[in-house]
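Here are the chains, one letter per residue:
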Amino acid sequence: MTRRFGDTELPEDIERMLRRAMRLEWLSIAFLVTAVTTVYLVMGSSQAMQAAWAEDLLSFIPPIAFLVAVRVTRIRPSRRHPYGHHRSVGIGHLASALALLTMGAFLVWDSTTGLLSQDHPPVGLVVVLGHEIWAGWLMVAAMIYTGIPPVLLGRAKMPLARALHDRVLYADADMNKADWMTALGSIVGVLGIGAGVWWADSAAALFISASILRDGVRNLRVASGALMDERAQTYDGQDPHPLQHRIEAVVCEHLWVDRAAVRVRDQGHVFHVEVFVVPARGAEVGVPALAAVREAVTRLDWKVQDVVVTAVEELLDALVEKEHGSAQEHDPSR
Amino acid sequence: MTRRFGDTELPEDIERMLRRAMRLEWLSIAFLVTAVTTVYLVMGSSQAMQAAWAEDLLSFIPPIAFLVAVRVTRIRPSRRHPYGHHRSVGIGHLASALALLTMGAFLVWDSTTGLLSQDHPPVGLVVVLGHEIWAGWLMVAAMIYTGIPPVLLGRAKMPLARALHDRVLYADADMNKADWMTALGSIVGVLGIGAGVWWADSAAALFISASILRDGVRNLRVASGALMDERAQTYDGQDPHPLQHRIEAVVCEHLWVDRAAVRVRDQGHVFHVEVFVVPARGAEVGVPALAAVREAVTRLDWKVQDVVVTAVEELLDALVEKEHGSAQEHDPSR
Amino acid sequence: MSVRVRAASSAACVALVGVLSVGLSACAFPYDPEHTLEKVRSDALRVGVSENPPWTAWPDGAPVPGEESEPSGVEIDLLTGFAQTLDADVVWVAGSETDLMAQLDEGELDVVVAGLESTTAWSSHAAITTSYAATRDDAGAEIRHVMATRAGENDFLVALETYLLDQEVAP
Amino acid sequence: MSVRVRAASSAACVALVGVLSVGLSACAFPYDPEHTLEKVRSDALRVGVSENPPWTAWPDGAPVPGEESEPSGVEIDLLTGFAQTLDADVVWVAGSETDLMAQLDEGELDVVVAGLESTTAWSSHAAITTSYAATRDDAGAEIRHVMATRAGENDFLVALETYLLDQEVAP
């Protein structure tokens, strides 16, 4: 079966990457189930372990959001959804960001009160297979187990997120890659309890919660930017997407075009493009001319899914930013 | 100072309504501060009162989201935000919906466990101004105080939400109007405790939590519909917005238009419109013809903010739905 | 009091609150789901006592089951007085706080006294009364003294609180 | 043991866990933030006792301050044995659960016995040991018996738990 994003049939290599990303996300979910169970069984009264457990629970959201979004975006556009369902990616992203933010804020508050009220976490013996062992060693072992696989998963997902232009996948990969810090933080907290430093546990919990909160703020900014029809950015929300300039360049190659500017909406995986053309003096503006530009832009990249070309007398101020030179003049020598 | 939504200067009557809506929302916030304080002071161990308090706390979100969104949407479009900032309304709406959903789910779980573990809420005496009085009477008085004003506020906001096409305001008005049910539910719960019916309190709490949860689900559907670029709906998300058909009718009045279809994105307060025109055979498609259609559509309503008109050979399937007859044929007799 | 009379007075209360909602503590509201106050009146007040002088003490040692022993202390005197206002006998039961709270939760006791303070960890297991006296600890912080009754038996709770608030307790 | 030696052995433990992380309970980890185990060894084991036969009892009545009295019971015997393994004397302090838990939290006691059960409401105020014995209540549900030590004093907690797990307790 060929996968689609709405009306877009995916190129073969992109489709292969999408399949791989889906497999990785299923693998992440399977791993998280074991991790959450393990940590729950050993966490006891260590605040750092409880914060790490909460983070593991939250880690379920991005893989699930990704898998759901891939399914939903395949639905073809209809009269009720004339732009397709790509935006479901963004909504899933926003929801994950809000979950991170809320949980992060709660945990920061919780570990701060733990620190201020000078909670001394008790960690005693457990009996495992007839052996008496200090429960802290079990916690350390659990955190070593839960700390390593996410880093590998995150490294595998990162290039796919870049190629698929998927912000949810990127957010997931980014959180995975940072997961070893959570694990190390918990280990330091537990060893701190063992070394008789009572505040080490709350401090480690505070560190972990702050990192959850920071993830939430960063993701919220990127997700709401995309949903607010911000200019298309790269998958990590750091830079304007290079496709915009490539489109403007291609449009200006047409002879009837004097000046042109584009607006790009990031729909999730794909882009919706509006091209504004100021026609050259005396040039004929007809359906064929408009269609030629549309096809040239569509051919540029699989991500360009929906192109509307219109002719105008003047370009909107908001689209022309002189210092970037993005609204390109047509070169009359061609 | 004339208020704007992005580039749109508002008509005078709409601007007056916006001012009135902002005053009402400030009033709501002021009232909520007193309500939250009152209920917190008297709620004691009644689960129904605690759920009502949580709902009052959540009621802060829509007014704040509305006031913030009105400020943000006034920012003019820029190169980074070529479509303006209208979508901030939708993001605020989605965030409120998720808050309602989460809190509702938590409270349903909490009151269900309270019911199952057969919690018998203790409500004893309090001493007020030297008089000993059963705390339940205070709770009833507090709920009467917090139950009535929201209904009046909600009734005042509802017509403004309709005229301003503001979904956050609508959601807020709708929740306000239903607030008396929360108050009545709590009163029944407290009187139930007094009458020796221990489960009345948990049951009332369950009823209130379920209504919070239902609000969350309904708002989530409407908010994510708007953010997913669904066809523009009316403010309550029940029907397609009538403006779409009016635009199609206006476009078809132009002589060079054979057939036409429109896509409307609901940006929050305003609409972004794309018009696809199949020109009549032999008609000239030029910048003036496109501009004439654009201006005719823009004049239709203040909500139509951004119009792109393009000429195409064929209309997209997704835009033409025969049974609705929305993609209108040009009447050749005109 | 017959069930019908109770229901009628209950309906009257609800009606009244709609009209006035102030100064109604004289009204028979609230009722006990398990009729504790009624049972105390007709039977006896069953008190769990865990030793904590000067509030509660077993001068002759805590009684093992079957044995008879009389407790003493500030809280014992208060409850003896309370039982007198209800024309009720008192049954004193010895035990640890944990045991007594479990019995209270199951309805085998009506009230537990153990020199409890308002900061007690038992507030999620039992209904804690308003404080009937306050003392100061070594650091000068206020300690407010309370008793524990069975959760949800609000008529009994209000009756006990009304009695306690009327007393002048100087430990 | 000097501070330097402790720090070195602590570092050795951290290194070890990186290599093996199994079977290290023999290692001196964990330590006490307030050095409870050390103080018990050099000074005495301070035990709070709230009466709850057959686990704890004051056969001659609970002592008022200044008076001497010896408690008895299953838990008293256990702690006497534990103190012997540490070559420590025992100081018995009487009080209510609430009082004793407050003293435990402030470090005036090292352990509290009151016939506590694993479902105790005090688990947020004190470190609850693993259960050293199990009985059944009238309904046949299992009751697991525990003691309370000062929260965070994990070396002492582990020492007491190790001792308790070695004992055969049949109440």
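So, how was this worked out
- Residues numbered from 1 in each chain as written.
- Chains lettered and ligands numbered in written order.
- Predicted model: local features only at pLDDT ≥ 70, side-chain atom pairs only at ≥ 80, totals over all residues.
- Heavy atoms only, no water.
- UniProt positions renumbered as here; feature names shortened; annotations may be inferred.
- Helix = DSSP H or I, 4+ residues; strand = E, 2+ residues; numbered from the N terminus.
- Buried < 20%, exposed > 50% of the residue type's maximum accessible area, 1.4 Å probe, protein only.
- Phe/Tyr/Trp six-rings, centres within 6.5 Å; stacked < 30°, edge-to-face > 60°.
- Lys NZ or Arg CZ within 6 Å of the ring centre and 35° of its normal.
- Least-squares fit on C-alpha atoms with pLDDT ≥ 70 in both.
- Contact = heavy atoms within 4.5 Å.
- Salt bridge = Lys/Arg side-chain N within 4 Å of Asp/Glu carboxyl O.
- Polar contact = N/O pair within 3.5 Å; in protein donor to acceptor, adjacent residues only side chain to side chain.
- Nonpolar A, V, L, I, M, F, W, Y, C, P; charged D, E, K, R; others polar.
- Pairing = 2+ DSSP bridges.
- Axes fitted to C-alpha atoms, helices over the stretch in contact; angles between N-to-C directions.
- Patch = residues over 30% accessible without salt bridge, like charges linked within 9 Å, V, L, I, M, F, W, Y side chains within 5 Å.
- Areas by Shrake-Rupley, 256 points an atom, 1.4 Å probe, with all protein chains shown as cover.
- Lys, Arg positive; Asp, Glu negative; His and termini not counted.
- Charge placed at Lys NZ, Arg CZ, Asp CG, Glu CD.
- Domains from an automatic or database assignment.
- Buried area = accessible area lost by both parts, 1.4 Å probe.
- Left-handed = near helix turned anticlockwise from the far one by under 90°.
- pLDDT = per-residue confidence, 0-100.

Per an unreviewed UniProt entry, chain A goes by the name Putative Co/Zn/Cd cation transporter and belongs to Serinibacter arcticus. In its Subcellular location (unreviewed entry) section, UniProt records this for chain A: "Membrane".

A short note on the overall build of chain C
Of the regular secondary structure elements, chain C holds 5 helices and 7 strands. Seen in sequence order, chain C has helices and strands lined up from the N terminus as α-α-β-α-β-α-β-β-β-β-β-α. Within chain C, the proportion of its 171 residues that are buried is 51%.

Points about the packing of aromatic side chains
Taken as a whole and assessed by the stated rule, the structure comprises 15 aromatic pairs over all chains. Ring geometry for Trp134 of chain B and Trp137 of chain B: centres 5.7 Å apart, planes at 85°, overall edge-to-face. Per residue, the accessibility class of Trp134 of chain B equals that of Trp137 of chain B, and both read buried. Members of the aromatic cluster, joined through ring pairs, are Phe82, Phe156 and Tyr163 of chain C. Arg265 of chain A extends its terminal NZ or CZ atom over the ring of Tyr83 of chain B, reaching a point 3.6 Å from the ring centre.

Describing the relation of the copies chain B and chain A
It takes a turn of 180° to lay chain B on chain A, together with a shift of 0.0 Å along the axis; the resulting RMSD is 0.1 Å. The relationship between the two copies is best expressed as a two-fold rotation axis. Within chain B, Thr310 of chain B has its C-alpha nearest the rotation axis, a separation of 2.4 Å. Interface overlap between copies: 100% of the residues of chain B at the interface are likewise at the interface in chain A, consistent with a symmetric, same-surface contact.

A few points about helix H9 (residues 243-252) of chain A
Residues and elements named next belong to chain A. Most of H9 is tucked away: 7 of the 10 residues are buried. Looking only at H9, the buried set comprises Leu243, Gln244, Ile247, Glu248, Val250, Val251 and Cys252. Of the surrounding secondary structure, the elements contacted by the buried residues of H9 are strand S5 (257-266), strand S6 (271-279), helix H10 (287-300) and strand S7 (304-311).

Some points on the UniProt feature "domain: Cation efflux protein transmembrane" (unreviewed entry) in chain A
With numbering matched to this structure, UniProt assigns "domain: Cation efflux protein transmembrane" (unreviewed entry) to residues 27-228 of chain A. The distance from the first to the last C-alpha atom of residues 27-228 of chain A is 32 Å, and the span holds 77% helix and 4% strand.

Some thoughts on the interface of chain B and chain C
Often the size quoted for an interface is simply the accessible area lost on bringing the parts together. Between chain B and chain C, the contact holds 19 residues from the first and 25 residues from the second. At the junction of chain B with chain C, the criterion picks out 0 salt bridges. Our count for the chain B to chain C interface comes out at 5 residue pairs in polar contact (both at pLDDT 80 or more). Counting only elements with at least two residues in the side of chain B that touches chain C, the list comes to strand S3 (125-128), strand S4 (131-134), helix H5 (135-164) and helix H7 (179-194) of chain B. Residues that form the side of chain B that touches chain C fall into these classes: 14 nonpolar, 4 polar and 1 charged.

A word on the sheet that holds S6 of chain A
Residues and elements named next belong to chain A. Strand order in the open sheet formed by 3 strands is S5-S6-S7, with mixed pairing between adjacent strands. With partners counted over all chains shown, the strands left at the sheet margins are S5 and S7, one partner each. If you compare each strand with its neighbour and ignore which way they point, the axes differ by 20° on average. Of the strand pairs in this sheet, S6 and S7 are connected by 7 bridges, and their pairing is parallel. Note that in S7 the partner of Glu274 across the bridge is Val308.

A closer look at a negative patch on the surface
On the surface, a cluster of negative charge is contributed by Asp105, Glu106 and Glu108 of chain C together with Asp137 and Asp138 of chain D. Here Asp137 of chain D is to be found in the loop between strand S5 (133-136) and strand S6 (142-145). The class of Asp137 of chain D is partly exposed, set by a relative accessible area of 31%.

Observations regarding the pattern of salt bridges
Summed over the entire model, instances satisfying the criterion amount to 30 salt bridges over all chains. Of the charged contacts, one joins Glu274 of chain A and Arg263 of chain A as a salt bridge, the two residues approaching to 3.1 Å between their closest N and O atoms. In this pair, Glu274 of chain A sits in strand S6 while Arg263 of chain A sits in strand S5, placing the two residues 11 residues apart along the sequence. For the residue pair Glu274 of chain A and Arg263 of chain A, the accessibility class agrees, reading buried in each case. What you see here is one network of salt bridges that share partners, running through Arg87, Asp229 and Arg265 of chain A together with Arg87, Asp229 and Arg265 of chain B.

Topic: the environment of Gly282 of chain A
Structurally, the position occupied by Gly282 of chain A is in the loop between S6 and H10. Separated by 26 residues in the primary sequence, Gly282 of chain A and Trp256 of chain A have C-alpha atoms spaced 8.7 Å apart.

Observations concerning the pairing of strand S3 (residues 125-128) of chain A
For S3 of chain A and strand S4 (residues 131-134) of chain A, the ladder comprises 4 bridges, and the chain directions are antiparallel. Considered in S4 of chain A, the bridge of Val128 of chain A is made with His131 of chain A.

Remarks on the sheet that holds strand S7 (residues 148-149) of chain C
Residues and elements named next belong to chain C. If you trace the 5 strands from one edge of the open sheet to the other, you get S2-S1-S3-S7-S4, paired in mixed fashion. Strand pairing shows two members of the sheet lacking a second neighbour, strand S2 (89-94) and strand S4 (127-128), which therefore form its edges. Pairing analysis gives 2 bridges linking strand S3 (residues 111-113) to S7, with the strands arranged antiparallel. Looking across to S7, one finds that Val112 is bridged to Ala148. Against the sheet, helix H3 (residues 74-85) makes contact with strand S1 (44-49), S2 and S3, and its axis sits at roughly 170° relative to S1, the strand it touches most.

Regarding the UniProt feature "transmembrane region" (unreviewed entry) in chain A
Mapped onto the present numbering, the UniProt feature "transmembrane region" (unreviewed entry) falls at residues 26-45, 51-70, 91-109, 134-153 and 180-200 of chain A. Counted over residues 51-70 of chain A, helix gives 90% and strand 0%. Its end C-alpha atoms are 30 Å apart.

Here's the deal with the domain arrangement of chain A
Residues and elements named next belong to chain A. When the domains of chain A are assigned, the result is domain 1 (4-227) and domain 2 (243-329). The gap between the C-alpha centroids of domain 1 and domain 2 is 40 Å. Summing both partners gives a buried area of about 1,400 Å² for domain 1 against domain 2, and 54% of it is carried by carbon and sulfur. Applying the counting rule to domain 1 against domain 2 returns 1 salt bridge. Counting across the interface, domain 1 meets domain 2 through 5 residue pairs in polar contact (both at pLDDT 80 or more).

Description of the side chain of Glu153 of chain D
Residues and elements named next belong to chain D. Relative to the helices and strands, Glu153 is located in the loop between strand S7 (148-149) and helix H5 (154-166). Buried within the structure, Glu153 lacks any salt-bridge partner; its nearest side chain of opposite charge belongs to Arg150, at an N-O separation of 4.9 Å. The contacts of Glu153, once residues within four sequence positions are left out, are Asp32, Pro33, Glu34, His35 and Thr36.

Digging into the packing of helix H9 (residues 243-252) of chain B against helix H10 (residues 287-300) of chain B
Residue and element names in this part refer to chain B. Contact pair H9 / H10: the axes reach a minimum separation of 10 Å and the direction vectors enclose 145°. For H9 against H10, the interelement crossing comes out right-handed. Facing Arg246, Ile247, Val250 and Val251 of H9, the residues of H10 in contact are Val293, Ala296, Val297 and Leu300. Its residues assigned to classes, the contact of H9 with H10 shows 7 nonpolar, no polar and 1 charged.

Topic: unusual backbone geometry
Its identity is not glycine, yet Leu129 of chain A carries a phi of approximately 50°, on the positive side. In this fold, Leu129 of chain A is placed in the loop between S3 and S4. Judged by its relative accessible area of 82%, Leu129 of chain A is exposed. You will see that His35 of chain C, though not glycine, has its phi angle at about 55°, which is positive.

Digging into the confidence of the model for chain C
Residue and element names in this part refer to chain C. Looking at chain C as a whole, the pLDDT averages 81, with 81% of positions reaching at least 70. The model gives residues 1-9 a pLDDT under 50, and that stretch makes 6 contacts with residues more than four places away or in other chains. At the level of chain-chain contacts, confidence expressed as ipTM amounts to 0.74, with global pTM at 0.77.

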